[in-house]
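# Examining the three-dimensional arrangement
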Amino acid sequence: MTEAETQALQPTLRDYERKAYDLLSPDRAAYFFGGAADERTLDANQSAFSDIELLPRMLRDVRGGSTRTTLLDQTMAHPIILAPVAYQKLVHPEGEAAMALGAAAQDTVMTLSAQSSVDAGAARTAGPSCTWFQLYWTAQREAVMALVQRMADLGFTAIVLTVDAPVQGVRDRETRTGFGLPADISAVNLAGMPMPRFAPLEPGESILFDRIAHVSPRWADVEWLCQNSPLPVILKGIVHPDDARQAIEAGASGIIVSNHGGRILDTVPATITLLPAIVKASDGAVPVLMDGGVRRGTDVLKALALGASAVLVGRLAIAGLTVAGSAGVSHVLRLLRDELEVAMMLTGCRSVADTTPDILRRQTVSDAKD
Ligand SMILES: Cc1cc2nc3c(=O)[nH]c(=O)nc-3n(C[C@H](O)[C@H](O)[C@H](O)COP(=O)(O)O)c2cc1C
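Residues numbered from 1 in each chain as written. Predicted model: local features only at pLDDT ≥ 70, side-chain atom pairs only at ≥ 80, totals over all residues. Heavy atoms only, no water.

## Considerations on the overall build of the protein chain
Helix and strand content of the protein chain: 15 helices and ten strands. Relative to the compact-globule value of 21 Å for 370 residues, the protein chain shows a C-alpha radius of gyration of 20 Å, a close match. Along the first, second and third principal axes, the C-alpha atoms of the protein chain reach 70 × 50 × 40 Å. Within the span of the protein chain, comprising 370 residues, buried residues form 52% of the whole. Considering only contacts in the protein chain between residues 6 or more positions apart, those separated by 24 or more positions represent 73%. Positive and negative charge centroids in the protein chain, built from 33 and 42 side chains respectively, lie 4 Å apart. (Helix = DSSP H or I, 4+ residues; strand = E, 2+ residues; numbered from the N terminus. Rg over C-alpha atoms; globule rule 2.2 N^0.38 Å. Buried < 20%, exposed > 50% of the residue type's maximum accessible area, 1.4 Å probe, protein only. Contact = heavy atoms within 4.5 Å. Lys, Arg positive; Asp, Glu negative; His and termini not counted. Charge placed at Lys NZ, Arg CZ, Asp CG, Glu CD.)

This is the structure we're talking about:
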């Protein structure tokens, strides 16, 4: 049997990534697997996990252990959630519906992107564990609330407000490959939403500071949303401890430490290195989640050990969707969970609560806290 045939029978997590990259056209591969500018943050998200070393503990009693996790009153089989990723029909004809089915098969939460290419109701019908809806602020509060209410009526249980992308990052790889959305793929859940219309620029004006900044969200908008939303609001894209404190004051029900997978501002540090300071600043007031660079069960374990309540995965799930649709998503999630279980057993952790920093080498823990 050739190596390729063996891989087809027993794909590993790395095989999914490689295969997905090969299957996609260069511009779509750039969109899904590229990052901003020189891709330093994209690379750092993964390499920072490798720099943290595990220090296994022997002979501990792990009988009856499990990866079970409770988050915002919801119990899940494991702490691996699907991150919001836009326009999934670009990699698979069923797009977010297939992603939702794969998530449901592995009993995990899927976060539907505001820029989903599938209707939110259809995604929830395909996979009822698609229960978090990600939101980008649009200029008008009434329009935001109408969208949030629609999602609440559809049975979504939380809103994930992404705050790190008031403008798109500088995407060299996409520019070079000429990425653009085809006419038949769009953000269908935003159809009919009032979009800001900008007056022509006067000489000396900037599109960013004199137009887009006027319709971008500010802390007062977050407070208003948290106070008025029928669903709990989780803030995604927090990387500074002071912002974490402000998010909690504003009424957020959770925080996702994220640099958008290195797609927005290049040279932001790897999220796993930022996590401990944000966990400390949050002081147990709300759950702190993280994403960026999670590719292995050991990565999940390290994030939990450094205080994350759960992790989100973006590109890895996209790799599963690209290669084998819902079955691929489900398989990727299962492989990741299996790897987490192996890593927990080998480090003597019976439960998510057991995953404390003493399973990490002290040197790397203090580095990560700097
Ligand atoms: C192609 C692509 C599209 C994304 N679209 C969104 C989005 O619509 N909303 C959002 O909040 N984050 C979006 N993200 C960021 C992810 O939610 C997540 O933060 C990131 O992918 C995590 O890093 P990872 O891919 O290394 O797991 C996107 C990421 C990728 C790769």
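## Remarks on the site of the ligand
The local shell around the ligand holds 23 residues, among which P84, S113, T162, D291 and G293 are the closest. Side-chain polar atom of Q134 to a nitrogen atom of the ligand: 3.1 Å apart, as the coordinates give it. Considered on its own, the ligand offers 600 Å² of accessible surface; in the complex 99% of this is hidden by protein. Here the residues of the shell around the ligand sort into eight nonpolar, ten polar and five charged. (Near = heavy atom within 4 Å. Polar contact = N/O pair within 3.5 Å; in protein donor to acceptor, adjacent residues only side chain to side chain. Areas by Shrake-Rupley, 256 points an atom, 1.4 Å probe, with all protein chains shown as cover. Nonpolar A, V, L, I, M, F, W, Y, C, P; charged D, E, K, R; others polar.)

## Some thoughts on the pairing of strand β10 (residues 310–313)
Burial along β10 is two-sided: the face carrying A310 and L312 and the face carrying V311 and V313 are both buried. Pairing between strand β3 (residues 80–82) and β10: three bridges, direction parallel. Along β10, the bridge assignment pairs I80 with V311. Where strand β9 (residues 288–291) meets β10, three bridges bridge the pair, whose relative direction is parallel. (Pairing = 2+ DSSP bridges.)

## Concerning the pairing of β9
In β9, alternate side chains face the same way, and those of V288 and M290 on one face and L289 and D291 on the other are all buried. Relative to β9, strand β8 (residues 254–257) runs parallel, the two sharing three bridges. Among the inter-strand pairings, I256 is bridged to a residue of β9, identified as L289. In this view, the connection linking β8 to its parallel neighbour β9 by way of helix α12 (residues 271–282) has right-handed handedness. Read from β9 through helix α13 (residues 297–305) to β10, the crossover connection turns out right-handed. (Right-handed = clockwise from strand over helix to strand, strands pointing away.)

## Some words on the nonpolar core
One finds L225 and M290 to be the most contacted residues of the largest nonpolar core, which totals 97 residues. Looking at which element gives the most residues to this core, the answer is helix α14 (residues 315–346), with 13 residues. Excluding its chain neighbours within four sequence positions, the residues that come into contact with L225 are L135, W137, V144, M145, V148, L161 and V233. (Core = buried A, V, L, I, M, F, W, Y, C linked by side-chain atoms within 4.5 Å.)

## Overview of α14
Each α-helix winds once per 3.6 residues, and so residues spaced three or four apart point in a common direction. The terminal C-alpha atoms of α14 lie 27 Å apart, and with 32 residues this falls more than 12% below the ideal 46 Å at 1.5 Å per residue. The largest bend along α14 measures about 140° and falls at A324. Of the residues flanking the end of α14, it is G348, one or two places downstream, whose phi is positive at about 75°. (Expected span 1.5 Å × (residues − 1). Bend = angle between axes of the 7 residues up to and from the residue.)

## Here we look at the pattern of salt bridges
According to the stated counting rule, one finds 17 salt bridges in the structure shown. One salt bridge connects R171 with E174, and the closest N-O pair in it is separated by 3.0 Å. Look at E174 and you get buried, because its relative accessible area is 9%. As a salt-bridge pair, R263 and E174 come within 4.0 Å of each other at their nearest N and O atoms. In this pair, R263 is assigned in the loop between β8 and α12 and E174 in helix α8 (residues 172–177), connecting sequence segments 89 residues apart. (Salt bridge = Lys/Arg side-chain N within 4 Å of Asp/Glu carboxyl O.)

## A closer look at the packing of helix α2 (residues 13–23) against α14
Running from amino to carboxyl end, α2 crosses α14 at an angle of 165°, the nearest separation of the two axes being 9 Å. The angle between the axes of α2 and α14 places the two elements in the roughly antiparallel class. For the pair α2 and α14, the crossing hand works out as left-handed. Side by side, α2 and α14 meet where L13, Y16, E17, K19, A20 and L23 of the first sit next to L316, A319, G320, T322, V323, G328, H331, V332, L335, L336 and E339 of the second. (Axes fitted to C-alpha atoms, helices over the stretch in contact; angles between N-to-C directions. Parallel < 35°, antiparallel > 145°, perpendicular 65-115°, else oblique. Left-handed = near helix turned anticlockwise from the far one by under 90°.)

## Focus on α12
Helix length check: α12, at twelve residues, gives a terminal C-alpha distance of 16 Å against a target of 16 Å (1.5 Å per residue), a fit within 8%. Along α12, the positions that sit buried rather than exposed are T271, I272, L274, L275, P276, I278, A281 and S282. Phi turns positive, to about 50°, at D283, one or two residues after α12.

## Some words on the environment of A303
The topology assignment puts A303 in helix α13. Under the relative-accessibility criterion, A303 is labelled buried at 0%. Separated by 28 residues in the primary sequence, A303 and L275 have C-alpha atoms spaced 7.9 Å apart. If we skip the residues at most four places from it in the chain, A303 touches F49, I272, L275, M290, A308 and V311.

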